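So you can see what is in the structure, the chains are spelled out below.
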Amino acid sequence: MKKKITVPEIMATKNSDKKLSMVTCYDYTSAGLVDASNVDMILVGDSLGMVMLGLPGTVGVTVDDMVYHIKHVVKGAPNTFVVGDMPFGAYNGSIEKAVENATRIFAEGGCDCVKMEGGMNAVPYIEAVVKAGIPVMGHIGLTPQASAMMGGFKVQGKSTEAADLLLETAKAVEKAGAFLINLEGMPSGVAKKITEELHIPTMGIGAGPHCDSQDLVWPDILGISDWVPKFVKKYADLRTTVIDALNTFADEVNSGAFPTPEYSYNTKVEGYEE
Ligand code: KIV
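Residues numbered from 1 in each chain as written. Predicted model: local features only at pLDDT ≥ 70, side-chain atom pairs only at ≥ 80, totals over all residues. Heavy atoms only, no water.

## What about the overall build of the protein?
Across its full length, the protein carries eleven helices and eight strands. Every one of the 274 residues in the protein was classed for burial, and the buried ones make up 46%. For the protein, restricting intrachain contacts to residue pairs at least 6 apart in sequence, the fraction spanning at least 24 positions comes to 57%. Summing over all exposed atoms, the protein offers an accessible surface of approximately 14,200 Å²; the carbon and sulfur share of this is 58%. Measuring between centres, the 23 positive side-chain charges of the protein sit 7 Å from its 34 negative side-chain charges. (Helix = DSSP H or I, 4+ residues; strand = E, 2+ residues; numbered from the N terminus. Buried < 20%, exposed > 50% of the residue type's maximum accessible area, 1.4 Å probe, protein only. Contact = heavy atoms within 4.5 Å. Areas by Shrake-Rupley, 256 points an atom, 1.4 Å probe, with all protein chains shown as cover. Lys, Arg positive; Asp, Glu negative; His and termini not counted. Charge placed at Lys NZ, Arg CZ, Asp CG, Glu CD.)

So, in structure tokens, the structure goes:
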């Protein structure tokens, strides 16, 4: 059976041959499937805003939403390390609020660490949450919570100045005490340099092959989403499989081909013959 990886073991993957894999998922059943696989980690991401709640982005997801989903994922995946995302507004403007919300996500949600998205602005909050005894994964680059500021979901670090700022931010996040950092949506060379210069492992999503680890999101990796960004490799085509299965079910119900006696309870009851 798979053994849950720990924070020190994750940190020890830096400069080792082991590359960790992480998948974002949001519910008990999906978590059980990840738990049965060789994937090392689950992120209960605030991308659940789009995937589970039908929102246009991640803004609007609440701490209550996160705690609710994290609890059920943790129940479904007892042998997998679970990262719980801190949503938009969970630490904006107040150290106390940051620690309080991180504590809710970590203690009520029952996950193994929290993820805190943001650039230099997030650094003081990361430091406070780490000091409160909660392991933190940072998240820089294309940070969807800042999509309004970025003018959409745009690749970051595309000029030398912007790349320098990402490198500086990554170092500040490390110094604040994060044990792992997500690099999202940046050129491969920028992620390579950050990975080389940090002492903590990097986890890449849309950041090329040089990161220490890689993550993808459940509906993308399984081909459930109808549109996926360039960096996504679909490892299955569940959208087609599911829609084909549903169409076959509808056709068979319509034609009377389903259910046959094989799928029926055939006990003879007097007065109720077929
Ligand atoms: O919410 C999420 O799924 C994420 C990943 C894209 C890193 O933050």
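Once you've had a look at it, read on.
## Topic: the site of the ligand
As a structural note, the neighbourhood of the ligand is formed by 13 residues, with Thr 24, Asp 46, Ser 47, Lys 115 and Asn 182 the closest of them. Separating an oxygen atom of the ligand from a side-chain N or O atom of Ser 47 is a distance of 2.6 Å. The cavity that encloses the ligand is the largest pocket. At the level of elements, β6 (180–184) and β8 (213–217) are the ones that each hand at least two residues to the shell around the ligand. For the shell around the ligand, the class distribution of residues is three nonpolar, five polar and five charged. (Near = heavy atom within 4 Å. Polar contact = N/O pair within 3.5 Å; in protein donor to acceptor, adjacent residues only side chain to side chain. 1 Å grid on protein atoms, 1.4 Å probe; cavity = no way out; pocket = protein on both sides within 12 Å on 5 of 7 lines; lining within 4 Å. Sits in = over half its atoms within 2 Å of the grid points. Nonpolar A, V, L, I, M, F, W, Y, C, P; charged D, E, K, R; others polar.)

## Re a nonpolar patch on the surface
On the surface, Met 50, Val 51, Met 52, Leu 53 and Phe 153 cluster together into a nonpolar patch covering about 410 Å² of accessible area. Relative to the helices and strands, Met 52 resides in the loop between α3 (48–51) and α4 (63–76). Taking the relative accessible area as the measure of exposure, Met 52 reaches 37% and is therefore partly exposed. (Patch = residues over 30% accessible without salt bridge, like charges linked within 9 Å, V, L, I, M, F, W, Y side chains within 5 Å. Salt bridge = Lys/Arg side-chain N within 4 Å of Asp/Glu carboxyl O.)

## Some details on the environment of Ser 255
You can see Ser 255 is positioned in helix α11 (residues 238–255). For the pair Ser 255 and Thr 169, spaced 86 residues apart in sequence, the C-alpha separation works out to 62 Å. Side-chain polar atoms of Ser 255 contact the backbone nitrogen of Ala 257, separated by 3.3 Å.

## Topic: the packing of helix α8 (residues 160–175) against helix α9 (residues 188–197)
Running from amino to carboxyl end, α8 crosses α9 at an angle of 30°, the nearest separation of the two axes being 10 Å. Relative to α9, the element α8 lies roughly parallel. The interaxial crossing formed by α8 with α9 has right-handed handedness. Together, Ala 163, Leu 166, Leu 167, Ala 170 and Lys 171 of α8 and Val 190, Lys 193, Ile 194 and Glu 197 of α9 make up the contact between the two elements. (Axes fitted to C-alpha atoms, helices over the stretch in contact; angles between N-to-C directions. Parallel < 35°, antiparallel > 145°, perpendicular 65-115°, else oblique. Left-handed = near helix turned anticlockwise from the far one by under 90°.)

## Notes on the side chain of Ser 225
Looking at the secondary structure, you find Ser 225 in the loop between α10 (218–221) and α11. In terms of polar contacts, Ser 225 uses its side chain to reach the side chain of Asp 220, at 2.8 Å. Beyond its immediate sequence surroundings of up to four residues, Ser 225 is in contact with Pro 219, Asp 220, Lys 234 and Arg 239.

## Re the nonpolar core
Buried together is how nonpolar side chains tend to be arranged in soluble globular proteins. In this structure, Ile 42, Ile 105, Met 116, Ile 140, Leu 183, Met 186 and Ile 194 are the most contacted members of the largest nonpolar core, which totals 60 residues. Among the elements that line this core, the one with the most residues is α8, at six residues. Setting aside its immediate chain neighbours within four residues, Ile 140 contacts Gly 118, Leu 166, Thr 169, Ala 170, Val 173, Ile 181, Asn 182, Leu 183, Glu 184, Met 186 and Ile 194. Val 7, Ile 10, Met 41 and Met 203 belong to the second-largest nonpolar core, a separate cluster that totals 14 residues. (Core = buried A, V, L, I, M, F, W, Y, C linked by side-chain atoms within 4.5 Å.)

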